[in-house]
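Single-letter residue listing:
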Amino acid sequence: MILVTGATGNVGRHVVGELLGSDVRIRALSRDPASARLPADVEVAPTDEMPLDGVTSLFLNPAVFWHGLGDVLDRAKSAGVRRVVMLSSSAALDTDPSNQIAAHHLGVEHAIEDSGLEWTFVRPGEFSSNARAWAEAIRAGEPVRGPFPAARTTPIHERDIAAVAARALTADDLVGARPVLTGPEVLTHPEMVRIIGEAVRRPARFEEITPEEARKEMLAQPYMRDGLVDTLLRLRARAVDAPVEVSPEVERITGRPPRTFAEWAADHADDFR
Ligand SMILES: NC(=O)c1ccc[n+]([C@@H]2O[C@H](COP(=O)([O-])OP(=O)(O)OC[C@H]3O[C@@H](n4cnc5c(N)ncnc54)[C@H](OP(=O)(O)O)[C@@H]3O)[C@@H](O)[C@H]2O)c1
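Quick caveat, the model's predicted, so the values are computed rather than measured. (Residues numbered from 1 in each chain as written. Predicted model: local features only at pLDDT ≥ 70, side-chain atom pairs only at ≥ 80, totals over all residues. Heavy atoms only, no water.)

(A) Focus on the environment of Ser128. Note on placement: Ser128 falls in the loop between strand S6 (118–124) and helix H4 (135–139). The exposure class of Ser128 is buried, given its relative accessible area of 1%. The spacing of Ser128 and Arg31 is 97 residues in sequence and 24 Å in space, taken between C-alpha atoms. Setting aside its immediate chain neighbours within four residues, Ser128 contacts Pro155, Ile156, His157, Phe261 and Trp264. (Helix = DSSP H or I, 4+ residues; strand = E, 2+ residues; numbered from the N terminus. Buried < 20%, exposed > 50% of the residue type's maximum accessible area, 1.4 Å probe, protein only. Contact = heavy atoms within 4.5 Å.)

This is the structure we're talking about:
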């Protein structure tokens, strides 16, 4: 059986969807199973119970373990779990010790390595689904406000991340691998906003704000802390000039090219209407 943590999330829901096509049983976790809206033939259990009986592989989303892994890896080993596939981040490649996103993901990666379990660390860059934060402004016909409009990124569709994770959970060829995943193209946020406007057939535009204004807006969001906001702003400032590479890994692992941001915008157009 495969246990999917964060199963209602951007990636987890698609991991469940990918696994449904294979010959494995799935247990999906949510803090609120009653409102999880997962397929009927999937067993849904409460996250805080973390039922590990019968589980052989575990999809681990660190969003669920933001306050630490606790004893989950020891319990997994005792229960007979053999493999952990972790939703990590390409930030783990950053050698800057002040990068809190890197430190968080590397901390979880190291704990999994030390556990003696088989592992795969799936390391995506920026999710296309982060663009959902722009939905309210675009629906209202207002500009999307953000700093560093020239910063470049390689947004990846959550379904492509899930396809790689599902492969790592069900086949043996990704054990011990740390694939870095990106979408197929290099884009700026203003370009992404324009592409969403094309998907909803209504112009959508981007408006530059200063890093100080952005900082205030980010700190007003839940879960944002000074250090994390500083890290995010530093990464965006750096992305103006730093080389940005498109990774071949999604196509190498899944056999199909990663979905474009225009495909993501078409898939999620209703969120922006
Ligand atoms: N966003 C990016 O650009 C990016 C880039 C690289 C890596 N990542 C990694 O991907 C993760 C996000 O993945 P995602 O978008 O699939 O996750 P998500 O949708 O934010 O969350 C997944 C699920 O986890 C549960 N959850 C959320 N917060 C929780 C908490 N505090 N305690 C327990 N459960 C919680 C929720 O399910 P229930 O409500 O059903 O319990 C949620 O649906 C990040 O944390 C990071 O590690 C993100």
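Read on, since the account is not over.
(B) View of the packing of aromatic side chains. By the definition in use, this model includes three aromatic pairs. Note on Trp119 and Phe121: the rings are 4.2 Å apart at their centroids and 10° apart in plane angle, and the pair reads as stacked. Relative accessible area serves as the criterion here: at 13%, Trp119 is assigned to the buried category. Here the aromatic rings of Phe261 and Trp264 are separated by 5.4 Å at their centres, their planes lie at 15°, and the arrangement is stacked. Of this pair, Phe261 and Trp264 both sit in helix H10 (residues 261–267), three residues apart, which is roughly one turn of that helix. Accessibility assignment for this pair places Phe261 and Trp264 in one class, buried. Joined through ring pairs, the aromatic side chains of Phe261, Trp264 and Phe272 make up one cluster. (Phe/Tyr/Trp six-rings, centres within 6.5 Å; stacked < 30°, edge-to-face > 60°.)

(C) Focus on the site of the ligand. Around the ligand, 20 residues are found, and the nearest of them are Thr8, Asn10, Ser30, Arg31 and His105. Taking Val11, its main chain carries an N or O atom lying 3.0 Å from an oxygen atom of the ligand. Contact between the ligand and Arg31: an oxygen atom at 2.7 Å from a main-chain N or O atom of the residue. For the ligand, whose free accessible area comes to 920 Å², the fraction covered by protein is 75%. Of the residues assigned to the shell around the ligand, the class counts are seven nonpolar, eleven polar and two charged. (Near = heavy atom within 4 Å. Polar contact = N/O pair within 3.5 Å; in protein donor to acceptor, adjacent residues only side chain to side chain. Areas by Shrake-Rupley, 256 points an atom, 1.4 Å probe, with all protein chains shown as cover. Nonpolar A, V, L, I, M, F, W, Y, C, P; charged D, E, K, R; others polar.)

(D) A look at the nonpolar core. Val4, Val11, Val15, Val16, Leu19, Phe59 and Ile161 are the most contacted members of the largest nonpolar core, which has 29 residues in total. Examining the composition of this core, we find that seven residues originate from one element, helix H5 (residues 158–170), more than from any other. Those residues in contact with Phe59 that lie beyond four places of it in its chain are Leu3, Val4, Thr5, Val11, Gly12, Val15, Val85, Leu87, Ala165 and Leu169. (Core = buried A, V, L, I, M, F, W, Y, C linked by side-chain atoms within 4.5 Å.)

(E) Main features of the pattern of salt bridges. Tallying each qualifying case throughout the model produces 20 salt bridges. Its salt-bridge partner being Arg215, residue Asp226 comes within 3.5 Å of it at the nearest N-O pair. Taken as a pair, Asp226 in helix H8 (residues 226–238) and Arg215 in helix H7 (residues 211–219) lie far apart in primary sequence, eleven residues in all. A cluster of three or more residues bridged by salt bridges with shared partners is formed by Asp94, Asp96, Arg234 and Arg238. (Salt bridge = Lys/Arg side-chain N within 4 Å of Asp/Glu carboxyl O.)

(F) Representation of the UniProt feature "domain: NAD(P)-binding" (unreviewed entry) in the protein in the model. Cross-referencing UniProt, the feature "domain: NAD(P)-binding" (unreviewed entry) maps to residues 6–171 in the present numbering. Here residues 6–171 is 31% helix and 18% strand, with 21 Å between the C-alpha atoms at its ends. (UniProt positions renumbered as here; feature names shortened; annotations may be inferred.)

(G) Spotlight on the sheet that holds strand S9 (residues 180–181). Reading across the sheet, the seven strands line up as S3-S2-S1-S4-S5-S6-S9 and stay open at both edges, with parallel pairing between neighbours. Edge positions in the sheet fall to strand S3 (43–46) and S9, since each has one partner strand and no second. (Pairing = 2+ DSSP bridges.)

(H) Inspection of the pairing of S6 at higher detail. Within S6, six of the seven residues are buried, leaving the element largely enclosed by the surrounding structure. Bridge count for strand S5 (residues 83–87) against S6 is five bridges, and the pairing is parallel. Looking across to S6, one finds that Arg83 is bridged to Glu118. As defined by bridge partners, S6 adjoins S9 across two bridges and the pair is classed as parallel.

(I) The arrangement of the environment of Leu29 in detail. Its location among the elements puts Leu29 in strand S2 (residues 26–30). Accessibility expressed as a relative area gives 1% for Leu29, which makes it buried. The sequence separation of Leu29 and Arg256 amounts to 227 residues, and the corresponding C-alpha distance is 29 Å.

(J) Expanded view of the packing of H7 against H8. Between H7 and H8, whose axes approach to 10 Å, the crossing angle comes to 140°. Accordingly, the angle class assigned to the pair H7 and H8 is oblique. Read as a crossing pair, H7 and H8 show a hand that is right-handed. Contacts between H7 and H8 involve Pro211, Ala214, Arg215, Met218 and Leu219 on the former and, on the latter, Asp226, Val229, Asp230, Leu232 and Leu233. (Axes fitted to C-alpha atoms, helices over the stretch in contact; angles between N-to-C directions. Parallel < 35°, antiparallel > 145°, perpendicular 65-115°, else oblique. Left-handed = near helix turned anticlockwise from the far one by under 90°.)

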